[in-house]
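A closer look at the structure
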Amino acid sequence: MSEKELSYEYCDQIVQKFEDVVEQPILAKSSVYYTGVDLGTACVVLAVLDENYNPVAGAYRYADVVRDGMVVDYIGAIKIVRELKQEIEEKLGTELIYGAAAIPPGTDALDSGAVKNVVQAAGFELTNVLDEPTAANKVLKIQNGAVVDIGGGTTGISILKNGKVVYIADEPTGGTHFSLVVSGAYKMSFQEAELYKREIKNHKELSIVLKPVVEKIASIISQHIQGHDVDEIFLVGGTCCLTGIEDIIEKKTGIFTHKPQNPMFVTPLGIALSCTQEIIE
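Residues numbered from 1 in each chain as written. Predicted model: local features only at pLDDT ≥ 70, side-chain atom pairs only at ≥ 80, totals over all residues. Heavy atoms only, no water.

**Let's talk about the nonpolar core**
Our working rule: Nonpolar core, defined: a set of buried Ala, Val, Leu, Ile, Met, Phe, Trp, Tyr and Cys residues in which side-chain atoms within 4.5 Å join the residues together. Exposed residues in this analysis have more than 50% of their type's maximum accessible area, buried residues have under 20%, and partly exposed residues fall in between, with area computed by a 1.4 Å probe over protein chains only. Helix numbering and strand numbering both begin at the N terminus, where a helix is a DSSP run of H or I of at least 4 residues and a strand a DSSP run of E of at least 2. Whether two residues are in contact is decided by their heavy atoms: any pair within 4.5 Å suffices.
Ranked by size, the top nonpolar core spans 28 residues in total, and within it L39, V44, L46, V48, V81 and I88 carry the most contacts. Of all the elements in the fold, those that place two or more residues in this core are β1 (34-39), β2 (43-49), β3 (55-62), α2 (74-92), β6 (98-103) and α3 (108-121). With seven residues, the single largest contributor to this core is α2. Apart from residues no more than four positions distant in its own chain, V44 is found in contact with D38, L39, A59, Y60, R61, A63, V65, I80, V81 and L84. Of all hydrophobic cores here, the second largest spans 27 residues; its members include F178, M188, V214 and I233.

**So, the pattern of salt bridges**
Operational definition: Should a side-chain nitrogen of Lys or Arg be within 4 Å of a carboxyl oxygen of Asp or Glu, the pair is scored as a salt bridge.
Within this structure, the stated rule accounts for eight salt bridges. Close ionic contact of K85 with E89 constitutes a salt bridge, the shortest N to O distance being 2.7 Å. With K85 and E89 both in helix α2, this residue pair falls four residues apart, about one helical turn. A single burial state applies to K85 and to E89, both of which are buried. A network of salt bridges, in which partner residues are shared, links R61, K79 and E83.

**What to know about the packing of helix α4 (residues 132-140) against helix α10 (residues 266-273)**
For any two helices packed against each other, one specifies the inter-axial angle together with the distance between the axes. Quick note on the threshold: All axes here are fitted lines through C-alpha atoms, helices being fitted over the stretch that makes contact, and every angle between N-to-C directions spans 0 to 180 degrees. When describing relative orientation, an angle under 35 degrees is termed roughly parallel and one over 145 degrees roughly antiparallel, while 65 to 115 degrees is termed roughly perpendicular and anything else oblique. The classification used treats Ala, Val, Leu, Ile, Met, Phe, Trp, Tyr, Cys and Pro as nonpolar, Asp, Glu, Lys and Arg as charged, and all other residues, Gly among them, as polar.
Running from amino to carboxyl end, α4 crosses α10 at an angle of 85°, the nearest separation of the two axes being 7 Å. On the basis of the axis angle, α4 is roughly perpendicular to α10. Here α4 contributes E132, A135, A136, K138, V139 and L140 to the contact with α10, which in turn contributes V266, T267, L269, G270, I271 and L273. In the contact of α4 with α10, the residues fall into eight nonpolar, two polar and two charged.

**Here we look at the sheet that holds β1**
To keep it simple, the criterion reads: We treat two strands as partners when DSSP finds at least two bridges between them.
Taken together, the five strands give an open sheet; going across it, the order is β3-β2-β1-β6-β7, and neighbouring strands pair in mixed fashion. This sheet does not close on itself; its edge strands, each paired only once, are β3 and β7 (125-131). Between one strand axis and the next, the sheet turns by 20° as a mean value, whatever way the strands run. Across six bridges, the pairing between β1 and β2 is antiparallel. Looking at the pairing, V37 lines up with L46 of β2. Helix-sheet contacts for α2 involve β1, β2 and β3, and the interaxial angle to β3 is about 145°. Packed onto the sheet, α10 meets β1, β2, β3 and β6 and runs at close to 140° relative to β1.

**Points about unusual backbone geometry**
One non-glycine residue, N162, adopts positive backbone phi at about 55°. If you trace the backbone, N162 turns up in the loop between β9 (155-161) and β10 (164-171). Phi at D229 takes a positive value of approximately 55°, unusual for a residue other than glycine. Summarising the element assignment, D229 is placed in the loop between α8 (211-225) and β11 (232-236). Taking the relative accessible area as the measure of exposure, D229 reaches 69% and is therefore exposed.

Below is the structure:
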């Protein structure tokens, strides 16, 4: 098995474990718990790992508290994170103390303060804030290539050379734009479009409707990786759950493109893997 296949095997295994513990938490006591808080445009996810950084619990909720990578409903975001935290604490029978978070790449000057405040106000001791594609690579374990995190509002790009991030960028195109196109094409409300696009059974027809938006994302990727000698693109983020999105991007960019079995949970798990017991202000 190649190094790339091994890294994806690890990614798919930890994501599968997380999906399992969301349904059935592991109640064996751990000396410490590490929580990754992912404030997504479409979904807020909490991933909890034990002292050995293995998934033991998790919860998520679709929400509208973040737009284009920025917190727009500060009180609502705190309320959701606090409720998900309490939900998991009740299941585990313990308090979750340490939490880490992530932000779209290049937005630390704009919004990292809001994200930090949400996590702290929800009751966590904040231990780390990193950019989303870099967090995703804690799970992907990629040495060379581009990690592209396509979320609800933005597409974040991290280019890696020998395991080190050498370039980051973020552009405002993502799943929200998918929903707007679906809403217009099918004459349904934005909220109905959000639900419609999540159904896998609709993806075959939606891939045709959404192809222009996916091609725009592919153009954004091409623009940012130009001159960086990237020969592989790795997709993560909830929007990448669209069946066949990797094929459209590969055809447009001309670069081999693939994604894990469930790209939605890669980033929150990477955030949790970056959590420590070293508190930051």
